Amino acid sequence: MQLRYNFRAYPTSGQRQSLARAFGCARVVFNDGLRMRQEAHGAGLAYIKDTDLQKRVITAAKRTCERAWLGEVSSVVLVQSLRDLHTAYRSFFSSVTGKRKGPKVAPPRFKSKRDGRQSIRLTANGFSLRGNGTLYVAKVGDIPVRWSRPLPSAPTSVTVTKDAAERYWVSFVVETEPDIWPELDTETGIDLGLTHFAVLSDGRRIDSPKFLRRAEKKLKRMQRALSRCEKGSKNRAKARKKLARQHARVADRRRDWHHKLSTRIIRETQAVYVESLSVSGLGRTRLAKSVNDAGWSAFVAMLEYKAARHSRHFGRIGRFEPTSQVCSSCGVKDGPKPLHVRVWECGSCGAVLDRDINAAKNILAAGRADRLNACGAPVSRAPVPARCGEAGTHRRRHVPVVGIPAVRGG
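Residues numbered from 1 in each chain as written. Predicted model: local features only at pLDDT ≥ 70, side-chain atom pairs only at ≥ 80, totals over all residues. Heavy atoms only, no water.

S.K.: Can you lay out the nonpolar core for me, pointing to particular residues and giving the numbers?
M.R.: Formed by 43 residues in total, the largest nonpolar core has its most connected members in Phe7, Leu19, Ile120, Leu122, Leu135, Val170 and Phe172. Counting residues per element, this core draws most heavily on helix α1 (residues 13-42), which supplies nine residues. If sequence neighbours within four positions are ignored, Ile120 has contacts with Leu19, Ala22, Phe23, Ala26, Val77, Val158, Thr159 and Val160. One finds Ile265, Val272, Val274 and Ala294 within the second-largest nonpolar core, a separate group that totals 20 residues. (Core = buried A, V, L, I, M, F, W, Y, C linked by side-chain atoms within 4.5 Å. Buried < 20%, exposed > 50% of the residue type's maximum accessible area, 1.4 Å probe, protein only. Helix = DSSP H or I, 4+ residues; strand = E, 2+ residues; numbered from the N terminus. Contact = heavy atoms within 4.5 Å.)

S.K.: Which residues make up the sheet that holds strand β8 (residues 187-192), and what are the values?
M.R.: Reading across from one edge, β10-β9-β8-β11-β12 is the order of the five strands in this open sheet, with mixed pairing throughout. If you trace the sheet from one side to the other, it starts and ends with β10 (205-207) and β12 (313-317), each paired once. Pairwise comparison of adjacent strand axes, ignoring direction, gives a mean angle of 20° for this sheet. Strand direction decides the pairing type here: β8 and strand β9 (residues 196-200), joined by three bridges, are antiparallel. Directly across from Asp191, in β9, lies its bridge partner Val199. This element, helix α6 (residues 234-268), spans β8, β9, β10 and β11 (271-275) of the sheet and lies at about 170° to β10. The strands touched by helix α10 (residues 355-371) within the sheet are β8, β9, β10, β11 and β12, with β8 carrying the most contacts at an inclination of about 130°. (Pairing = 2+ DSSP bridges. Axes fitted to C-alpha atoms, helices over the stretch in contact; angles between N-to-C directions.)

S.K.: Tell me about the sheet that holds strand β1 (residues 2-9), residues and numbers included.
M.R.: Read across the open sheet, the seven strands follow the order β2-β6-β7-β1-β5-β4-β3; overall the sheet is antiparallel. Edge strands, defined here as strands with exactly one partner in the open sheet, are β2 (118-123) and β3 (127-129). Here the average twist between neighbouring strands, direction ignored, is 30°. Pairing of strand β4 (residues 134-137) with strand β5 (residues 141-146) involves four bridges; the strand directions are antiparallel. Bridge pairing in β5 links Val137 to Gly141.

S.K.: Tell me about the packing of aromatic side chains, and please be specific about residues and values.
M.R.: Throughout the structure, instances matching the rule amount to eleven aromatic pairs. For the pair Tyr47 and Phe93, a centre-to-centre distance of 5.7 Å together with 75° between the ring planes defines the contact as edge-to-face. Highlighted residues: Tyr47 in the loop between α1 and α2 (50-59) and Phe93 in helix α3 (residues 75-97), separated in sequence by 46 residues. Linked through ring pairs, Phe7, Phe127, Trp147 and Phe172 together constitute an aromatic cluster. (Phe/Tyr/Trp six-rings, centres within 6.5 Å; stacked < 30°, edge-to-face > 60°.)

S.K.: Provide a residue-level description of the environment of Asp115, including the pertinent values.
M.R.: On the secondary structure map, Asp115 appears in the loop between α3 and β2. According to the relative accessible area criterion, Asp115 is partly exposed, its value standing at 40%. Spatially, the C-alpha atoms of Asp115 and Asp163 are 9.1 Å apart, while their sequence positions differ by 48 residues.

S.K.: Summarise unusual backbone geometry; cite the residues concerned and give the values.
M.R.: Residues apart from glycine generally show negative phi values, whereas peptide bonds are mostly found in trans. The backbone of Lys139 sits at a positive phi, close to 60°, despite the residue not being glycine. Structurally, Lys139 is set in the loop between β4 and β5. Although it is not a glycine, Lys210 adopts a positive phi angle of roughly 55°. Following the sequence through the fold, Lys210 ends up in the loop between β10 and α4 (211-214). Using a relative accessible area of 39% as the deciding quantity, one classes Lys210 as partly exposed.

S.K.: Account for a positive patch on the surface, naming residues and giving values.
M.R.: Residues Arg16, Arg214, Lys217, Lys218, Lys220, Arg221, Arg224, Arg228, Lys242, Arg245, Arg249 and Arg253 make up a contiguous surface patch of positive charge. Those elements that place two or more of their residues in the positive patch are α5 (216-228) and α6. Among the elements that take part in the positive patch, α5 stands out by supplying six residues, more than any other. A relative accessible area of 47% places Lys220 in the partly exposed class. (Patch = residues over 30% accessible without salt bridge, like charges linked within 9 Å, V, L, I, M, F, W, Y side chains within 5 Å. Areas by Shrake-Rupley, 256 points an atom, 1.4 Å probe, with all protein chains shown as cover. Salt bridge = Lys/Arg side-chain N within 4 Å of Asp/Glu carboxyl O. Lys, Arg positive; Asp, Glu negative; His and termini not counted. Charge placed at Lys NZ, Arg CZ, Asp CG, Glu CD.)

S.K.: Lay out the packing of α5 against α6 in plain terms, naming residues and giving numbers.
M.R.: Running from amino to carboxyl end, α5 crosses α6 at an angle of 160°, the nearest separation of the two axes being 9 Å. Overall, the two elements α5 and α6 adopt an arrangement that is roughly antiparallel. For the pair α5 and α6, the sense of crossing is left-handed. Facing Lys218, Leu219, Met222, Gln223, Leu226 and Ser227 of α5, the residues of α6 in contact are Arg236, Ala239, Arg240, Lys242, Leu243, Gln246 and His247. Grouping the constituent residues of the contact of α5 with α6 by class yields five nonpolar, four polar and four charged. (Parallel < 35°, antiparallel > 145°, perpendicular 65-115°, else oblique. Left-handed = near helix turned anticlockwise from the far one by under 90°. Nonpolar A, V, L, I, M, F, W, Y, C, P; charged D, E, K, R; others polar.)

S.K.: Can you explain the confidence of the model for the protein? Please cite residues and give values.
M.R.: Residues with a pLDDT of 70 or more make up 91% of the protein, whose mean pLDDT is 89. Throughout residues 374-389 the model reports pLDDT below 50, and contacts reaching past four residues in sequence, or to other chains, amount to 26 contacts. Across residues 397-410, where pLDDT falls below 50, the model places 28 contacts with residues more than four positions away in sequence or in other chains. (pLDDT = per-residue confidence, 0-100.)

S.K.: Can you explain the pairing of strand β7 (residues 168-175)? Please cite residues and give values.
M.R.: Buried residues dominate β7, accounting for seven of its eight residues. Looking at chain direction, β1 and β7 are connected through eight bridges and run antiparallel. Within β7, the residue paired with Asn6 across the bridge is Ser171. Pairing analysis gives five bridges linking strand β6 (residues 157-162) to β7, with the strands arranged antiparallel. By the bridge assignment for β7, Val158 is matched with Phe172. Linking β6 to β7, which pair antiparallel, is a turn of five residues; within it Glu166 sits at a positive phi near 60°.

S.K.: Please set out the environment of Thr285 residue by residue, giving values where relevant.
M.R.: Along the chain, Thr285 turns up in the loop between α7 (279-282) and α8 (288-294). Overall, the relative accessible area of 37% leaves Thr285 in the partly exposed class. At 2.7 Å, the side chain of Thr285 forms a polar contact with the backbone oxygen of Leu282. (Polar contact = N/O pair within 3.5 Å; in protein donor to acceptor, adjacent residues only side chain to side chain.)

Put into structure tokens, the structure is as follows:
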């Protein structure tokens, strides 16, 4: 399976200038390719092929005075940027024709230099791992990296990213073997909510940390300070960076908490079942801030890939299952109930039911029913989701343990 390993990078001032130049060139190549295809479509011409577009946007553009500075960065960066454009077009065409499942994909848009996040991607001929613990990037140099863990295999691609807080990250996609944990006989249904982040079918309640709500007062004060600064001034740039760092701290705390909770649940249970939620729809209601603060989608995605990695079962049930209307004891459906009703008594069996725990038990029962097919055999797991447009480690080159010698020695 393919996994992504992220590490913090600390480039020098000169390397930051080189990376900024690479970010800009990659953005220009992407926009030039998109503009040519839009102009060809508007003029009624045929769709420009990938190879022809690369010759016009990169090879021929380097020979002109207007784009001669494209030769200052590695050609791998430019080719990968144009490949991202090809992937975006293919995803859009597949979505329009119905070959791609899920939400509709919009056509590619132009990139802006004012975006808070900038990134470049390089293949194996554009980077290498040094023995002293640095990452060599073509025409940038040896970038110091904080290796928190060794890489399980040799990567064939790396993505260098700068976020809004001006932090630099390097991301490797590597091929790994599943880390199978001992099999258990426990299964869990999870009901996600806002009052409690998660309620498990065994009765455990996990309170929501509400990281954004806790930092809201400080964020408001920093946002007011930013709005008072004059546009284009250095003080405004400092205030913007300070605000972005505070938002990054909130996101990091939430992500760390999600990782710890999802790992603990996967370690303690053999099968996990959750309910499919329309997070994008809930994000447009009056509960948008609380829904975004909870981060349900990121948490469920962590449960899914960790279950596949550690030989656990992960299942989703439909969002229209009446989990809050059915008694988990006798199975009688007695209709919907308003949200303020947290405890109710079943009219058939007389059982006193807690709304959240009852929903979690119904999710567990529905997940068990969906897991077994008509013959009673478990349904095979879905593979780990991985980005299709980014190269990973070839299976033939798989090495059990590969990493930085300094890290292994430590």
